[in-house]
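Structural overview
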Amino acid sequence: MTIEIGKRYKFKTISEEYQSRNNEKCKVIRPLTKEEADIEEIGKMYKVVFEDGTEADVFEDELEEI
């Protein structure tokens, strides 16, 4: 799946930190840079904003098509 900037996705994670947000909708703001995330080690990550305005850094595989 190709992640599109500005598009809305459903968030789904196994991370305890964000499990309360499972199935919430979020909008992708931008990809994280190499300075913000170890992309080669962990893969692509994105800065997203949830509908309540909370921003988070998420893994590509935590975003699902709506």
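This one's a predicted model, so the numbers in the text were calculated from it and none came from an experiment.

Broken down by element type, the protein chain carries 1 helix and 5 strands. The N-to-C order of helical and strand elements in the protein chain reads β-β-α-β-β-β. In terms of overall size, the protein chain behaves like a compact globule, its C-alpha atoms giving a radius of gyration of 11 Å where 66 residues would be expected to give roughly 11 Å. Referenced to the eigenvectors of the C-alpha coordinate spread, the extents of the protein chain come out at roughly 30 × 25 × 20 Å. For the protein chain, buried positions account for 27% of its 66 residues. The long-range fraction of contacts in the protein chain, counting pairs at least 24 apart against all pairs at least 6 apart in sequence, stands at 38%.

Tallied over the full model, the rule gives 2 aromatic pairs. Note on Phe11 and Tyr18: the rings are 6.3 Å apart at their centroids and 85° apart in plane angle, and the pair reads as edge-to-face. With relative accessibility at 0%, the residue Phe11 sits in the buried group. Its relative accessible area of 22% is what places Tyr18 among the partly exposed residues.

As summarised here, the arrangement of the 5 strands in space is E4-E3-E2-E1-E5, forming an open sheet in which the pairing is antiparallel. At either end of the open sheet lies a strand with only one pairing partner, and these are strand E4 (55–59) and strand E5 (63–64). As defined by bridge partners, strand E2 (residues 25–31) adjoins strand E3 (residues 45–50) across 5 bridges and the pair is classed as antiparallel. In the sheet register, Pro31 faces E3, and the bridge partner there is Tyr46.

Criteria and cut-off values
Residues numbered from 1 in each chain as written. Predicted model: local features only at pLDDT ≥ 70, side-chain atom pairs only at ≥ 80, totals over all residues. Heavy atoms only, no water. Helix = DSSP H or I, 4+ residues; strand = E, 2+ residues; numbered from the N terminus. Rg over C-alpha atoms; globule rule 2.2 N^0.38 Å. Buried < 20%, exposed > 50% of the residue type's maximum accessible area, 1.4 Å probe, protein only. Contact = heavy atoms within 4.5 Å. Phe/Tyr/Trp six-rings, centres within 6.5 Å; stacked < 30°, edge-to-face > 60°. Pairing = 2+ DSSP bridges.

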